[in-house]
Amino acid sequence: MAPSLLREPAWYEKAFDARYLRVYAHRNDAEAESRVDAMISLLGIRADARVLDVGCGEGRYGRALTRRGMRVTGVDLSKDLIQEGRERGQLLPGAPVFLRGDARALPFYRQFDAAVSLFTSFGYFESSDDDLKIFKGVARALAPGARFLIDYLNQSHVRSTLVEEDEREIGLLRVATKRWIDEEGTDGPVVRKAVKGYDRATGLLQMEFEERVRLYTPDELDALLSAAGFSPVGEPMGDVDGAPLDALSPRLIRVVELPAT
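Overview of the structure. (Residues numbered from 1 in each chain as written. Predicted model: local features only at pLDDT ≥ 70, side-chain atom pairs only at ≥ 80, totals over all residues. Heavy atoms only, no water.)

Pairing of strand β2 (residues 71-76) with strand β3 (residues 97-100), which is carried by four bridges, proceeds in the parallel orientation. Within β3, the position partnered with valine 75 by the bridge is leucine 99. (Pairing = 2+ DSSP bridges. Helix = DSSP H or I, 4+ residues; strand = E, 2+ residues; numbered from the N terminus.)

Rendered as structure tokens:
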């Protein structure tokens, strides 16, 4: 029997559209510019390096890297975000390339000097095997000796600071968010978020989407990266500025390296 063409789209196939850009407008070029030099230092690359941005979104980090002379290729599943990236990056000297595709099936082989995965751009799937597919694809895409920088949420911080419900005003919208941790995930705990946006004037629902991200401990993340063929560079960090990772760190920054031989 042929597979059904009426499959319900997964949450990550629906959430990252033009509405996402409105809700996360604070994740902007200024944020990327403030962090990108530290990232370049951690990756150990110079101008003209070929950089792969996996889960690139609308390309704010790709633009920041391009402004520093890098040759950037960004990959993302979202049609809307890729289109936004192309429109905003096309006039930059050495314009970044944005490709729509599934990060679990990266079509590259030994083409890049470094790779990044930023702002929690994996962990969306039912199984951690899918995250391993992403990491193996990145390993295939990199030249020997190249580094991979992962910017992920810090599960300890998420657990200790989770705000179950809040509301905020974004332009003409009132955005209501609910968050909870599902400890019964099929492959480990996940943090879930339900977002609804209402017209501030009429109160009518304008948008609604959900997010779901797996909570990896640093050791679990290292094990997954090791299974993909990477070796750790230093210790896990709490920010790209090199701050040590602790329970209060909002982020988990991990740098790994593909063996040179």
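Going through the model one piece at a time under the given rule, you end up with 29 salt bridges. Across the pair arginine 67 and glutamate 33 runs a salt bridge whose closest N-O atoms are separated by 2.8 Å. Residue arginine 67 is found in helix α4 (residues 60-67), and its partner glutamate 33 is found in helix α3 (residues 29-43); the two are separated by 34 residues along the sequence. On the accessibility criterion, arginine 67 (42% relative accessible area) is partly exposed. A salt bridge links arginine 159 to glutamate 183, with the nearest nitrogen and oxygen atoms 2.6 Å apart. Of this pair, arginine 159 sits in helix α7 (residues 155-161) while glutamate 183 is found in the loop between β7 (173-182) and β8 (190-199), placing the two residues 24 residues apart along the sequence. We classify glutamate 183 as partly exposed; its relative accessible area is 42%. (Salt bridge = Lys/Arg side-chain N within 4 Å of Asp/Glu carboxyl O. Buried < 20%, exposed > 50% of the residue type's maximum accessible area, 1.4 Å probe, protein only.)

This brings us to the sheet that holds strand β9 (residues 205-214). Spatially, β6-β7-β8-β9 is the arrangement adopted by the four strands of the open sheet, whose pairing is antiparallel. Lying at the two open borders of the sheet, with one neighbouring strand each, are β6 (165-170) and β9. Shown here is a sheet whose adjacent strand axes are inclined to one another by a mean of 20°, direction ignored. By the bridge criterion, ten bridges tie β7 to β8 in an arrangement that is antiparallel. Residue pairing across strands places lysine 178 opposite alanine 194, the latter belonging to β8. (Axes fitted to C-alpha atoms, helices over the stretch in contact; angles between N-to-C directions.)

This part covers the environment of aspartate 131. By secondary structure assignment, the location of aspartate 131 is in helix α6 (residues 128-141). On a C-alpha basis, the gap between aspartate 131 and arginine 104 in space is 7.4 Å, while along the polypeptide they are 27 residues apart. For aspartate 131, the residues in contact, after removing those within four places along its chain, are Phe122, Gly123, Tyr124, Phe125, Arg214, Tyr216 and Leu224. (Contact = heavy atoms within 4.5 Å.)

Our focus in this paragraph is the nonpolar core. Counting residues in hydrophobic clusters, the biggest one holds 48 residues, and the most contacted among them are Leu52, Phe135, Val138, Leu142, Phe148 and Phe230. Beyond its immediate sequence surroundings of up to four residues, phenylalanine 230 is in contact with Phe135, Val138, Ala139, Leu142, Phe148, Leu225, Val256, Glu257 and Leu258. Tyr61, Met70, Leu149 and Val255 belong to the second largest nonpolar core, which has 22 residues in total. (Core = buried A, V, L, I, M, F, W, Y, C linked by side-chain atoms within 4.5 Å.)

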